[in-house]
Amino acid sequence: MDYKEMLAHARELMQGRCSVCRECNGVACSNRIPGPGAKGSGDVAKRNFDAWRDIRVNMDTLCDGFTPDTSVTLFDRTFVLPVFAGPVGAVDMHYGDAFNDRTYNDQLVRGCVEAGTCAFTGDGMDPSVMEAATRAVAGADGLGIPTIKPWNDEIVADKMELVRASGAFAVAMDVDAAGLPFLKNLDPPAGNMSVERLRAIIASAERPFIVKGVMTVTGALKAMQAGASAIVVSNHGGRVLDQCPATAEVLPEIVDAVGGGIRILVDGGIRSGVDVFKALALGADGVIVARPYAIATYGGGAEGVKMLTDKLRGELEDTMSMCGAPTIADITRDMVR
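Every value quoted in this text rests on a predicted model; they were computed, and no experiment measured them.

A. Seen up close, the overall build of the protein chain. In terms of regular secondary structure, the protein chain is built from 12 helices and 10 strands. Compactness check: the protein chain gives a C-alpha radius of gyration of 19 Å against a globular reference of 20 Å for 337 residues, within 12% of the reference. The dimensions of the protein chain, computed from C-alpha atoms along their principal axes, are 60 × 45 × 40 Å. Once local pairs closer than 6 in sequence are excluded, the contacts in the protein chain between residues at least 24 apart make up 71%. Of note, the protein chain has its 33 positive side-chain charges centred 4 Å away from the centre of its 43 negative side-chain charges.

And the structure:
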């Protein structure tokens, strides 16, 4: 199977819920939910994509030749590139019934490990989703990041117990999922997460904790106050609040405020290794890519995941070569405009 065949297979299995467009820019799916679209007008998914395109890279080949080194270390684990697969939930509803959350996470985790990176796994109303995700992470020697939604305290405690048992090297909570209706409808209601509650959850994790869904300097400072080891600058792909800014628009100000004090990842509309380079140049320590990994998993399972990872790595290497950055640490803000 080649990359083109993988995309064609994904298009077939996704049954029209994702068109696997030539350019995954949020236009065709717009505000179609269920499906891969964004909330309301669908503006945020498109804005995420467009904001990266508005940033340009500065070519500089007047330097000694080198072989780019894309490797990074996150919480004492080394990966071949600073790209991680994002958590996707309810895949059968949004993308097609060829997979469910349990079988999807299994293929995603395995494919990422084989490619030299790792996956954030999704969560769901059905307890078996987290059970299967943490089993997959355990089977990968802890190379995965279970992502827990901001449930009420009792449910979070149950899921955190599964995370600890899996040996996962880190854990995340997508606090931006507070906008999802099924959380608000719980008894007691869930979704909102105070600094005090988050601090207690982080203390119970016994491993690095990543807060996903930070879009302001204030939010980043709150995550640090709660004891987070990392944040993800993310607007949940535009799926929880209409009219948000793009992640690329707020990333620099968050980096300027808290960079160096906490690890910073970013997601939203990142579709190529050139986009990865731009995010790193703006100060991110790494990026998360979600929808393209969903497409790759549907199109080729673990093999498709590896194919996408290899593609992103090659594009990143090429950009580093043409911009004079031998290592990830050498990528600086003056390399973009």
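Read on for the rest.
B. Quick look at the pairing of strand β6 (residues 171-174). Burial along β6 is two-sided: Val171 and Met173 and Ala172 and Asp174, pointing in opposite directions, are all buried. Taken together, the 2 bridges between strand β5 (residues 145-148) and β6 define a ladder with parallel strand orientation. Residue pairing across strands places isoleucine 148 opposite methionine 173, the latter belonging to β6. As for the winding sense of the linkage, the β-α-β connection from β5 through helix α6 (residues 153-166) to β6 is right-handed.

C. Region of interest: helix α12 (residues 291-323). The end-to-end C-alpha separation of α12 is 27 Å, well short of the 48 Å expected for 33 residues at 1.5 Å each. Glycine 300 marks the point of greatest bend in α12, at about 135°. Backbone geometry just downstream of α12 places glycine 324 in the positive-phi region, at approximately 75°.

D. Just the side chain of arginine 207, in detail. The topology assignment puts arginine 207 in the loop between α8 (195-205) and β7 (209-214). No salt bridge is formed by the buried arginine 207, whose closest oppositely charged neighbour, glutamate 206, lies at an N-O distance of 4.6 Å. Among the polar contacts listed, one links the side chain of arginine 207 to the backbone oxygen of alanine 168, at a separation of 2.6 Å. There is a polar contact of 2.8 Å between the side chain of arginine 207 and the backbone oxygen of alanine 205. With sequence-adjacent residues up to four places away left out, arginine 207 is seen in contact with Val163, Arg164, Gly167, Ala168, Phe169, Ala170 and Val171.

The rules behind each value
Residues numbered from 1 in each chain as written. Predicted model: local features only at pLDDT ≥ 70, side-chain atom pairs only at ≥ 80, totals over all residues. Heavy atoms only, no water. Helix = DSSP H or I, 4+ residues; strand = E, 2+ residues; numbered from the N terminus. Rg over C-alpha atoms; globule rule 2.2 N^0.38 Å. Contact = heavy atoms within 4.5 Å. Lys, Arg positive; Asp, Glu negative; His and termini not counted. Charge placed at Lys NZ, Arg CZ, Asp CG, Glu CD. Buried < 20%, exposed > 50% of the residue type's maximum accessible area, 1.4 Å probe, protein only. Pairing = 2+ DSSP bridges. Right-handed = clockwise from strand over helix to strand, strands pointing away. Expected span 1.5 Å × (residues − 1). Bend = angle between axes of the 7 residues up to and from the residue. Salt bridge = Lys/Arg side-chain N within 4 Å of Asp/Glu carboxyl O. Polar contact = N/O pair within 3.5 Å; in protein donor to acceptor, adjacent residues only side chain to side chain.

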